[in-house]
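Summary of the model geometry
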Amino acid sequence: MNIHFASGGRFDFDRNGVLFMALADGRPVQCLVSEEALRDHFDALGGADDHEHAFEVNQEAICAVAESKILRGYPEPVTLTSSDF
């Protein structure tokens, strides 16, 4: 499977995390890294802007975990929690 991630993400207040997109064999896949995971593992301490910044700085590591979950067939949105890191 060929997976590519778009750069950047946006904080989703309804889901309490940063939402980002992947393309898996050309099909869009929603992914979400939880606020808790960003706080616990990527030093996000402030509001939505701080969480988005933490995502951008650590996007490579976050996307590696998301890619693994996409390949294992997790349903959308593919959600990454603190326990995934």
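In what follows, the accompanying structure is described. (Residues numbered from 1 in each chain as written. Predicted model: local features only at pLDDT ≥ 70, side-chain atom pairs only at ≥ 80, totals over all residues. Heavy atoms only, no water.)

**Section: the nonpolar core**
Ranked by size, the top nonpolar core spans 23 residues in total, and within it F20, C31, V33, L38, I62, I70 and L80 carry the most contacts. Mapped by element, the contributors of at least two residues to this core are β3 (17–24), β4 (27–34), α1 (35–42), α2 (48–57), α3 (59–71) and β5 (78–80). Once residues within four sequence positions are removed from consideration, C31 is found in contact with F5, V18, L19, F20, A22, A66, I70 and V78. (Core = buried A, V, L, I, M, F, W, Y, C linked by side-chain atoms within 4.5 Å. Buried < 20%, exposed > 50% of the residue type's maximum accessible area, 1.4 Å probe, protein only. Helix = DSSP H or I, 4+ residues; strand = E, 2+ residues; numbered from the N terminus. Contact = heavy atoms within 4.5 Å.)

**What to know about the state of the cysteines**
Taken as a whole, this structure holds zero disulfides when the rule is applied. Of all cysteine sulfurs, the one in C63 lies closest to C31, which takes part in no disulfide; the gap is 7.3 Å. A relative accessible area of 0% places C31 in the buried class. For C63, a relative accessible area of 7% puts it in the buried group. (Disulfide = S-S within 2.5 Å.)

**Focus on the pattern of salt bridges**
Oppositely charged side chains can form a pair if their charged atoms are brought close together. Considering all chains together, one arrives at two salt bridges under this definition. For R27, the salt bridge identified is with E76, shortest N-O distance 3.2 Å. Taken as a pair, R27 in strand β4 and E76 in the loop between α3 and β5 lie far apart in primary sequence, 49 residues in all. A salt bridge links D84 to K69; the shortest N-O distance between them is 3.0 Å. One end of the pair, D84, is in the segment after β5; the other, K69, is in helix α3, with 15 residues separating them in the sequence. (Salt bridge = Lys/Arg side-chain N within 4 Å of Asp/Glu carboxyl O.)

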